[in-house]
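# Coordinates in review
The residues making up each chain are set out below.
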Amino acid sequence: MVKLGKWIGGGLGWAFGGPIGALLGFFIGSFFDVATINTSVSSSKGKTQRGDFILTFLVLSAAVMKADKVVKKSELEFVKKFLRSNFSETETKEALQILKDLLEKDIPLDDVCNQVRFSMSSPLKLQILHYLFGISAADGEVHKDEVSVIEHIALKIGLTSNEFKSVKSMFVPETDSAYEILGISKNASEDEIKKAYRNMAVKHHPDKVANLGEDIQNAAKQKFQTINDAYNKIKKERGIK
């Protein structure tokens, strides 16, 4: 058990880095010194801890929620559901207060993204991208301004344009969405399709985020199933065995 203030201060220090992290972490953490939470706050080199992931999720969530200039109830409910699956009701209320505070402030998004770029593994970055699109789609519509912010985040944290398009296609269906999800063109050969699927299966495997908890792993399983569905759709269309 650790103080939530320390969790927030230490976690945001990790997310923002340097003096920005120290000041913002202290500012927010000072309001929550009395609460407690069951999570890890340390960030060992080369390994992202659960607390790091959730704090990054909150900061980037705020950026996406503000993108279209309207913070919708459905978006807040999406985040609340995620938090409730991780923490108690009291802890969830504290985390939502942090989110509210972030929504009212200018977020140094590029500073956050740059730190994530060098501190998180590719599977975690992809999982964050999936969550951000989930927030955007919570109201039944993925707004173009939200897509623009998510794309900016994706490229800044070190994901490729094809990786962004792949996750986007899971939420914004288009004619060739199944091919987009696998990161290939509709003219790809059978061998290229099979190779792309194998690469995606490795990159997005739920075991890659197993250390972050069952709920996050379950979300990764849903993403993994979307990839399988896309591959099966292409196989059926092409008659691939």
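Nothing here was measured: the structure is a model prediction, and the numbers come from that model.

What counts as what
Residues numbered from 1 in each chain as written. Predicted model: local features only at pLDDT ≥ 70, side-chain atom pairs only at ≥ 80, totals over all residues. Heavy atoms only, no water. Phe/Tyr/Trp six-rings, centres within 6.5 Å; stacked < 30°, edge-to-face > 60°. Helix = DSSP H or I, 4+ residues; strand = E, 2+ residues; numbered from the N terminus. Buried < 20%, exposed > 50% of the residue type's maximum accessible area, 1.4 Å probe, protein only. pLDDT = per-residue confidence, 0-100. Contact = heavy atoms within 4.5 Å. Expected span 1.5 Å × (residues − 1). Core = buried A, V, L, I, M, F, W, Y, C linked by side-chain atoms within 4.5 Å. Salt bridge = Lys/Arg side-chain N within 4 Å of Asp/Glu carboxyl O. Axes fitted to C-alpha atoms, helices over the stretch in contact; angles between N-to-C directions. Parallel < 35°, antiparallel > 145°, perpendicular 65-115°, else oblique. Left-handed = near helix turned anticlockwise from the far one by under 90°. Nonpolar A, V, L, I, M, F, W, Y, C, P; charged D, E, K, R; others polar.

### Section: the packing of aromatic side chains
According to the stated counting rule, one finds six aromatic pairs in the structure shown. Between the aromatic rings of Phe 57 and Tyr 131, the centroid separation amounts to 5.4 Å while the plane-to-plane angle is 75 degrees, which identifies the pairing as edge-to-face. One end of the pair, Phe 57, is in helix α3 (residues 50-65); the other, Tyr 131, is in helix α7 (residues 122-136), with 74 residues separating them in the sequence. Take Phe 57 and Tyr 131: they sit in the same class, and that class is buried.

### Looking at the confidence of the model for the protein chain
The predicted model of the protein chain averages 78 in pLDDT, with 76% of residues at 70 or higher. Per-element confidence in the protein chain is highest for helix α8 (residues 144-156), whose mean pLDDT is 96, and lowest for strand β2 (residues 36-37), whose mean pLDDT is 38. Of the regions scoring below 50 in pLDDT, residues 14-20 engages in 22 contacts with residues more than four places distant in sequence or in other chains. Note on residues 30-48: pLDDT is under 50 here. Beyond four places in sequence and across chains, it has 47 contacts.

### As for helix α5 (residues 89-103)
Two residues of an α-helix separated by three or four positions point the same way, owing to the 3.6 residues in each turn. In a regular helix each residue adds 1.5 Å, so 15 residues correspond to 21 Å; α5 covers 21 Å between its end C-alpha atoms and thus fits that length. All buried positions along α5 are accounted for by Glu 91, Thr 92, Glu 94, Ala 95, Leu 96, Ile 98, Leu 99, Asp 101, Leu 102 and Leu 103.

### What to know about the nonpolar core
Buried together is how nonpolar side chains tend to be arranged in soluble globular proteins. Judged by nonpolar contacts, the single largest core of 47 residues is most densely connected at Leu 58, Leu 60, Val 79, Leu 83, Leu 99, Leu 132 and Ile 153. Sorting the residues of this core by element identifies α3, α4 (73-84), α5, α6 (109-119), α7, α8, α9 (161-169) and α12 (214-238) as the ones contributing at least two each. Here this core gets nine residues from one element, more than from any other, and that element is α3. In contact with Leu 132, other than residues within four places in its own chain, are Leu 60, Ser 61, Val 64, Ile 150 and Ile 153. Ile 184, Ala 188, Ile 227 and Tyr 231 belong to the second-largest nonpolar core, a separate cluster that totals 18 residues.

### What to know about the pattern of salt bridges
Considering all chains together, one arrives at nine salt bridges under this definition. Taking the shortest distance from any N to any O, the salt bridge between Glu 77 and Lys 80 comes out at 3.5 Å. Here Glu 77 and its partner Lys 80 are both found in helix α4, three residues apart, which amounts to about one turn of the helix. We classify Glu 77 as partly exposed; its relative accessible area is 35%.

### Notes on unusual backbone geometry
Unusually for a residue other than glycine, Lys 69 sits at a positive phi of about 70 degrees. Among the structural elements, Lys 69 can be located in the loop between α3 and α4.

### Structural notes on the packing of α8 against α9
It is the contact of α8 with α9, at a shortest axis distance of 9 Å, that shows an interaxial angle of 140 degrees. When the axis of α8 is compared with that of α9, the two are oblique. Viewed along their axes, α8 and α9 form a crossing whose handedness is right-handed. Each of Val 147, Ile 150, Glu 151, Ala 154 and Leu 155 in α8 lies in contact with α9, whose residues at this interface are Ser 161, Phe 164 and Lys 168. The residue makeup of the contact of α8 with α9, split by class, is five nonpolar, one polar and two charged.

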